[in-house]
Every structure is written in structure tokens, then in C-alpha cells.
Amino acid sequence: MQKEVLKIVAVTFLVLVFSCKGKEDKNTPLKRHQEAILAYHDLQERELATEVMADSVFYGVHLKMTSTNFFEHCQGMLEKGIFDGNYNNEVIVALDKGFKKKVKLVFYPKFNKPFIESVQARFSYMNSSVFNRKEEGSAVLMEELKKVLLQWYGGNPFIAIPPKNAFDRPIYVKIDGNREITLKEDGSLKEVIAIYTDLKPLF
């Protein structure tokens, strides 16, 4: 009789252990990351199926723009004092609308035969450095930037993709038709990197 009771207790204990383990597994950083990736791929497929062409990037720059048109456009914007540049041939723009303080936008496109198929941009608060307060870091800028970009483009909201490691930072993705915008904080925690990708490039 005592052995039977012990068996029942042991089985009950094992059931509880595996039950708890199953619940923990569903709530691990890796599991949350995997579920978010599946949701991201589903969204990507749904948006591509709409056949909507959303090529606008910013300031007249757009996906599928030719390199010739891009350089002519930049020259015109430079003469108007809207664009500036640096020694890496990157374009620099000062932003102030929608942000608590001025933000520097630095970008340059990636061309393919000879059309723009993606644009990588870096956003950071003006005059920020490693000595600035936490309130001027990439985490704060990320929250502002998501709201500003949603005002610029409308459409779908950003979805969060949690990191595999709990100590890393999440990334945010917005997909409208063929245009995908990915936001992530850089290693310095001072910049937000935005990648605009054409999901339906010409080549």
C-alpha cells in the first residue's frame, strides 16, 4: 500500500515538473523570438500578396530610383541647403519636426543595375556622445522614431521581434506592400539604424 502511494506521489510530481517546464519553455526569450519571426514572415507574405508598391523612402528618394536620378536629386537638395554630406559620400539631413531635440539622419543607398534596392540610414540626436544622459540614447530615440515614421508613411504599425538573448535589444519591422523598414539600435546605444528594403526589386 505504501509503495502504491509513493508511486502516485512520484508520478504526480513528474507531471507537475514537466507541466511547469512546458510553461517555462513557452516563455523563454528564444521561444518568443521564434514566434515573432513566424508572425513576421506571415506579415511579409500577406503584404507582398497585396501587390501594393510602396517605394517612398524620404526627401524624394525612393526605391527603384536610378543612380543617375539619385545623384541629380541630391545635388539639387544640396543647393537648396536641405542635404549636406560627409567624406564617406553619405547624405546628412537635420530633422527637428516630431522629435524632442534635433536629430541627424545619415544615409546612403545600395544600388543594383543601377536601381536603388535598399537604403541604410542612421538616426541620432544632434551633439550626442558617449557622455550624454540616458535620455538621449538610442532606446529613447527608437520610441520617438517609430511614431515619426508612422506619421511619415501611415500604413501598418511596427511589430517587435524580441531578441534570442534576454540581454539584447529587440528590433522593429514595418512592412507595407513591397517596402520593409527595419529598426535596430546600434552597439553604441546612441544610434538607431533603419534599413529600407525593396521586397520586389527589379533585378
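Residues numbered from 1 in each chain as written. Predicted model: local features only at pLDDT ≥ 70, side-chain atom pairs only at ≥ 80, totals over all residues. Heavy atoms only, no water.

Caption draft 1: Geometry of the sheet that holds strand β10 (residues 191–198). Sheet architecture is open: eight strands sit in the order β3-β4-β5-β6-β10-β9-β8-β7, paired in antiparallel fashion. Strand pairing shows two members of the sheet lacking a second neighbour, β3 (84–85) and β7 (159–161), which therefore form its edges. In this structure, β7 lies alongside strand β8 (residues 171–176), joined through three bridges in antiparallel fashion. When the sheet's bridge partners are listed, alanine 160 is paired in β8 with tyrosine 172. Each of β3, β4 (91–95), β5 (103–112) and β6 (115–125) touches helix α3 (residues 67–79); the most contacted strand, β5, lies at about 155 degrees to it. Set on the sheet, helix α4 (residues 138–153) makes contact with β4, β5, β6, β8, β9 (179–185) and β10; between it and β9 the angle comes to about 165 degrees. (Pairing = 2+ DSSP bridges. Helix = DSSP H or I, 4+ residues; strand = E, 2+ residues; numbered from the N terminus. Contact = heavy atoms within 4.5 Å. Axes fitted to C-alpha atoms, helices over the stretch in contact; angles between N-to-C directions.)

Caption draft 2: Seen up close, the side chain of arginine 179. Take arginine 179: it is sitting in strand β9. At 3.0 Å, the side chain of arginine 179 and the backbone oxygen of serine 56 are in polar contact. Excluding residues within four positions of it along the chain, arginine 179 makes contact with Ala54, Ser56, Leu63, Tyr153, Lys174, Tyr196 and Thr197. (Polar contact = N/O pair within 3.5 Å; in protein donor to acceptor, adjacent residues only side chain to side chain.)

Caption draft 3: A look at the pattern of salt bridges. Evaluation of the coordinates by the stated rule reveals eleven salt bridges. With a shortest N-O distance of 3.0 Å, lysine 200 and glutamate 51 are connected by a salt bridge. Of this pair, lysine 200 sits in the segment after β10 while glutamate 51 sits in the loop between α2 (29–49) and β1 (56–58); the two residues are 149 residues apart in sequence, bridging distant segments of the chain. The class of lysine 200 is partly exposed, set by a relative accessible area of 27%. (Salt bridge = Lys/Arg side-chain N within 4 Å of Asp/Glu carboxyl O. Buried < 20%, exposed > 50% of the residue type's maximum accessible area, 1.4 Å probe, protein only.)

Caption draft 4: Structural detail: a nonpolar patch on the surface. Taken together, the side chains of Tyr59, Ile82 and Trp152 define a hydrophobic patch exposed on the protein surface, amounting to about 250 Å² of accessible area. Within the fold, tryptophan 152 resides in helix α4. Residue tryptophan 152 is classed as partly exposed on the basis of its relative accessible area of 34%. (Patch = residues over 30% accessible without salt bridge, like charges linked within 9 Å, V, L, I, M, F, W, Y side chains within 5 Å. Areas by Shrake-Rupley, 256 points an atom, 1.4 Å probe, with all protein chains shown as cover.)

Caption draft 5: Here's a closer look at empty space enclosed by the protein. Under the criterion given, the structure shown has one cavity of 30 Å³ or more. The calculated volume of the largest cavity comes to roughly 40 Å³. As for the largest cavity, its lining consists of Lys64, Asn112, Phe115, Ile116, Glu117, Asp198, Pro201, Leu202 and Phe203. In the lining of the largest cavity, the residues fall into five nonpolar, one polar and three charged. (1 Å grid on protein atoms, 1.4 Å probe; cavity = no way out; pocket = protein on both sides within 12 Å on 5 of 7 lines; lining within 4 Å. Points joined across faces, edges and corners; volume = space filled by probe spheres on them. Nonpolar A, V, L, I, M, F, W, Y, C, P; charged D, E, K, R; others polar.)

Caption draft 6: Expanded view of the pairing of β10. Note: β6 against β10, seven bridges, orientation antiparallel. The partner of alanine 121 across the bridge, within β10, is alanine 194. Pairing of β9 with β10 involves seven bridges; the strand directions are antiparallel. Considered in β10, the bridge of arginine 179 is made with aspartate 198. Counted along the chain from β9 to the antiparallel partner β10, the turn is five residues long, and its residue leucine 189 has a positive phi close to 60 degrees.

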